[in-house]
Amino acid sequence: MGTLLQDVQALWSYRLQNSLGMNTILRLIVFRDLLLEKVEKEKPGYGIEVYYALLQKLLRIFPYTKDQHTYEFLLQKTEMTINMIRKQGDCLCAH
């Protein structure tokens, strides 16, 4: 699941492209939302675990990063993922 989010949430496969078309962005958002909705339906509360898996995958790439663009991309996506984990954690605490 973390690997799927690596593309649909962190846009890993698109990191070297200058821009993404609106159609691609919308399809990725819809797929991400359907994926997370399905996960939550099958295993309530597991959505946060998917983001932890994504965070782990992003962190594992850092030692192999050779260019500044990829390094900055990883920093941005790591921060975004941590914020998503915090947000989901807050939602879990509110229940």
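Parameters and conventions
The residue count restarts for each chain, going from 1 along the sequence in the order it is written. Per-residue local features are limited, in this predicted model, to residues with pLDDT of at least 70; the limit for side-chain atom pairs, both in listing and counting, is 80 or more; totals at the level of whole chains, interfaces and linings are taken over all residues. With hydrogens and water set aside, each side-chain value is computed from the structure's full complement of heavy atoms. Numbered from the N terminus, helices here are DSSP runs of H or I no shorter than four residues, and strands are runs of E no shorter than two. Per-residue accessibility, obtained with a 1.4 Å probe over protein chains only, is compared with the maximum for each type, and a residue is labelled buried under 20%, exposed over 50%, and partly exposed between these values. Note on areas: Shrake-Rupley, 1.4 Å probe, and residue coverage restricted to the protein chains presented here. For the purpose of counting charges, residues Lys and Arg are taken to be positive, whereas Asp and Glu are taken to be negative. His and the chain ends are not included. For this purpose, a charge sits on NZ of Lys, CZ of Arg, CG of Asp or CD of Glu. Note on definitions: angles span 0 to 180 degrees between N-to-C directions of axes, and those axes are lines fitted to C-alpha atoms, for helices only across the stretch in contact. We call two directions roughly parallel when the angle between them is under 35 degrees, roughly antiparallel when it is over 145, roughly perpendicular when it lies between 65 and 115, and oblique otherwise. Whether two residues touch is decided by their heavy atoms; if any such pair falls within 4.5 Å, the residues are in contact. Classification convention: Asp, Glu, Lys, Arg as charged; Ala, Val, Leu, Ile, Met, Phe, Trp, Tyr, Cys, Pro as nonpolar; all other residues, Gly among them, as polar.

Caption draft 1: Highlighting the overall build of the protein chain. A count of helical and extended segments in the protein chain gives 4 helices and 0 strands. The secondary structure elements of the protein chain, listed N-terminal to C-terminal, are α-α-α-α. Counting only C-alpha atoms, the protein chain reaches 40 × 30 × 20 Å along its principal axes. A buried classification covers 33% of the 95 residues belonging to the protein chain. Roughly 6,700 Å² of accessible area belongs to the protein chain as shown, and the carbon and sulfur atoms make up 56% of that amount. Counting 12 positive and 10 negative side-chain charges, the protein chain places the centres of these two groups 5 Å from one another.

Caption draft 2: Looking closely at the packing of helix 2 (residues 22-42) against helix 3 (residues 47-61). Their axes nearest at 8 Å, the elements helix 2 and helix 3 cross at an angle of 125 degrees. Taken together, the axes of helix 2 and helix 3 lie oblique to each other. Across the interface between the two elements, Arg32, Leu36, Val39 and Glu40 of helix 2 pack against Gly47, Ile48, Val50 and Tyr51 of helix 3. Residue composition of the contact of helix 2 with helix 3, by class: 5 nonpolar, 1 polar and 2 charged.

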